[in-house]
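# Understanding the architecture of this molecule
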Amino acid sequence: GWLGGRHERFVAQVVAELSTEFFSPGDWIIRQGDPGEHVYFLRGGQAEVMVTVAGVGQCRISKLEDGALFGAASMFGAPEAHGRRICSVKALGYCDCRVISNRLFKRLLVQFPEELAHLQAEVKVQRDYICDRVWQIIETVLLQSGGA
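Residues numbered from 1 in each chain as written. Predicted model: local features only at pLDDT ≥ 70, side-chain atom pairs only at ≥ 80, totals over all residues. Heavy atoms only, no water.

### Comments concerning the nonpolar core
Across soluble globular proteins, nonpolar side chains have a tendency to be buried as a group. Within the largest apolar cluster, 23 residues are counted, with the highest numbers of intra-cluster contacts made by Ile29, Tyr40, Leu64, Phe70, Val89, Cys95 and Cys97. For this core, the element with the highest residue contribution is strand E4 (residues 47–53), accounting for four residues. If sequence neighbours within four positions are ignored, Val89 has contacts with Asp27, Trp28, Ile29, Ile30, Ala47, Glu48, Val49, Leu64 and Phe70. (Core = buried A, V, L, I, M, F, W, Y, C linked by side-chain atoms within 4.5 Å. Buried < 20%, exposed > 50% of the residue type's maximum accessible area, 1.4 Å probe, protein only. Helix = DSSP H or I, 4+ residues; strand = E, 2+ residues; numbered from the N terminus. Contact = heavy atoms within 4.5 Å.)

### Brief notes about the sheet that holds E4
With antiparallel pairing, the four strands of this open sheet are ordered in space as E2-E7-E4-E5. One side of each edge strand has no neighbouring strand; the edge strands of this open sheet are strand E2 (28–30) and strand E5 (57–64). Averaged over all pairs of adjacent strands, the angle between their axes in this sheet comes to 35°, without regard to strand direction. When E4 meets strand E7 (residues 88–91), the two strands line up antiparallel, connected through four bridges. Bridge pairing links Met50 to Ser88 in E7. The strands touched by helix H3 (residues 113–145) within the sheet are E4 and E5, with E5 carrying the most contacts at an inclination of about 140°. (Pairing = 2+ DSSP bridges. Axes fitted to C-alpha atoms, helices over the stretch in contact; angles between N-to-C directions.)

Printed below as a string of structure tokens:
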């Protein structure tokens with residue numbers, strides 16, 4: 001999982017602050033556009049990342065497995081996004097999540113600059129992937145409609 005290989009004291013402090021949330025198949029864990037107030041660690045289950053694309057609707061971007069971290073992008077978003085979710089995550093089956101508030105997670109990350117840098121790099125990779133997938137979807141729709 002995401003916490004594997006991270007600084008031992010950092011992991012211990014994060015784990016001490018986690019709460020547990022369970023989701024049933026079909027539940028929305030986070031929704032695009034909602035305020036991003038928590039970060040999630042998927043401890044068990046599978047979920048799908050969805051993005052609503054104007055003129056297209058809901059599009060599946062990727063699948064999350066055990067150990068995935070999600071919801072952190074709202075912590076480092078562009079100021080104009082106002083901490084809003086950039087995508088939705090929907091439970092494919094029963095999901096066991098560990099949850100920490102952004103405020104508390106940021107406070108812990110500041111104490112461990114290398115962990116902060118690692119998370120920021122991970123979020124950048126996730127955002128770049130989402131942007132690339134959205135552009136692929138738009139290009140596909142344009143080609144199918146004869147608009148390209």
